[in-house]
Amino acid sequence: MPEGHPPFLVVGHLNKAHGTKGELFAWPLTDYPESHFAPGIVHLPGDDAAEQPSEALPALTINEVRPYRRGFLVKFAGVDDRTSADRLRGLYLLRPFDAIDDLAEGEVFYHELLGATVATGEGRVLGEVAEVFPVKPSDLLQVVGPAGEVMIPFSREIVVDFDRERRRIVVELPSGFLELERGPDA
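Residues numbered from 1 in each chain as written. Predicted model: local features only at pLDDT ≥ 70, side-chain atom pairs only at ≥ 80, totals over all residues. Heavy atoms only, no water.

Caption draft 1: Summary view of the nonpolar core. By size, the foremost hydrophobic cluster in this structure holds 21 residues, and its most contacted members are Leu14, Val74, Phe76, Leu88 and Leu93. Elements that contribute at least two residues to this core include exactly strand E1 (8–18), strand E2 (23–28), strand E4 (59–68) and strand E5 (71–76). Looking at which element gives the most residues to this core, the answer is E1, with 4 residues. Discounting chain neighbours no more than four positions away, the residues touching Leu14 are Leu24, Phe25, Ala26, Phe76, Leu88, Arg89, Gly90, Leu91 and Leu93. (Core = buried A, V, L, I, M, F, W, Y, C linked by side-chain atoms within 4.5 Å. Buried < 20%, exposed > 50% of the residue type's maximum accessible area, 1.4 Å probe, protein only. Helix = DSSP H or I, 4+ residues; strand = E, 2+ residues; numbered from the N terminus. Contact = heavy atoms within 4.5 Å.)

Written out as structure tokens, the structure reads:
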């Protein structure tokens, strides 16, 4: 497994049972759903999932999958009725990191951003990324530093560089952005 990556990544969420034959509606939490929502094995979170090898985590086998609205209807082996499907509702689906697709140029995993130092092009350190919020039109980085908290759009116009090795994000903020973000009392 590549250094610095977790053993598993969340690729989907089982929202609710669909129909009476054991299908579940799965909400994809990946940019590559066609790779992860296909017949094969997915894992469920277990106790201390972050430290367990994939063989130790509970697993489900996807037998069938079909697109449905903005997600997928998934049929798992051994889940043949609504009652069985309801028991899985609310669980996340995991894939081993080594089964995850390679990223395209310029893409990052959210976990790589957490804890990264955020600085301006002039070298002023704003803080570290505490959380990433996937919202539209642009994901937001919650940056916490000496001057407090600031929400910075994770967009090509704002984030001009991400150095994975140094875990450093360089931003180019519009004039007055920090003052506007922090408010008049900051």
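Caption draft 2: Spotlight on the environment of Ala99. Tracing the backbone through its elements, the reader meets Ala99 in the loop between strand E6 (92–96) and helix H3 (110–113). Between the C-alpha atoms of Ala99 and Ser35, which are 64 residues apart in sequence, the distance is 9.1 Å.

Caption draft 3: The packing of aromatic side chains, seen in detail. Inspection of the entire model under this criterion finds 4 aromatic pairs. Geometrically, the ring pair formed by Phe25 and Tyr68 is edge-to-face, given 6.2 Å between the ring centres and 75° between the ring planes. Taken as a pair, Phe25 in strand E2 and Tyr68 in strand E4 lie far apart in primary sequence, 43 residues in all. Judged by its relative accessible area of 10%, Phe25 is buried. Chaining the aromatic ring pairs together yields one cluster made of Phe25, Trp27 and Tyr68. (Phe/Tyr/Trp six-rings, centres within 6.5 Å; stacked < 30°, edge-to-face > 60°.)

Caption draft 4: Expanded view of the side chain of Thr120. You can see Thr120 is positioned in strand E7 (residues 117–120). Excluding anything up to four places from it in sequence, Thr120 contacts Leu126, Val170 and Val171.

Caption draft 5: Spotlight on a positive patch on the surface. A surface patch of like charges, here positive, comprises Lys16, Arg69, Arg82 and Arg89. Relative to the helices and strands, Lys16 is located in strand E1. (Patch = residues over 30% accessible without salt bridge, like charges linked within 9 Å, V, L, I, M, F, W, Y side chains within 5 Å. Areas by Shrake-Rupley, 256 points an atom, 1.4 Å probe, with all protein chains shown as cover. Salt bridge = Lys/Arg side-chain N within 4 Å of Asp/Glu carboxyl O. Lys, Arg positive; Asp, Glu negative; His and termini not counted. Charge placed at Lys NZ, Arg CZ, Asp CG, Glu CD.)

Caption draft 6: Fine view of the pairing of strand E10 (residues 148–153). Two elements, strand E9 (residues 140–145) and E10, share 6 bridges in a ladder whose sense is antiparallel. In the strand pairing of E10, Gly145 is matched with Gly148. Hairpin connection from E9 to E10: 2 residues lie between these consecutive antiparallel strands. (Pairing = 2+ DSSP bridges.)

Caption draft 7: The pattern of salt bridges, seen in detail. Counting across every chain of the model gives 3 salt bridges. Two residues, Lys75 and Asp80, come together in a salt bridge whose shortest N-O distance is 2.9 Å. Asp80 sits in the exposed class, given a relative accessible area of 54%. Of the charged contacts, one joins Glu112 and Arg164 as a salt bridge, the two residues approaching to 2.8 Å between their closest N and O atoms. You can see Glu112 sitting in helix H3 and its partner Arg164 sitting in the loop between strand E11 (159–163) and strand E12 (168–171), a full 52 residues away along the chain. Residue classification places Glu112 among the buried positions, given a relative accessible area of 9%. Classification of Arg164 as partly exposed rests on a relative accessible area of 39%.

Caption draft 8: Spotlight on the environment of Glu149. For Glu149, the location among the structural elements is in strand E10. Taking the relative accessible area as the measure of exposure, Glu149 reaches 44% and is therefore partly exposed. Considering only alpha carbons, one finds Glu149 and Gly127, 22 residues apart in sequence, at a separation of 8.3 Å. Within the structure, Glu149 has its side chain in polar contact with the side chain of Gln142 (distance 3.0 Å). (Polar contact = N/O pair within 3.5 Å; in protein donor to acceptor, adjacent residues only side chain to side chain.)

So yeah, pure geometry; function would need other evidence.
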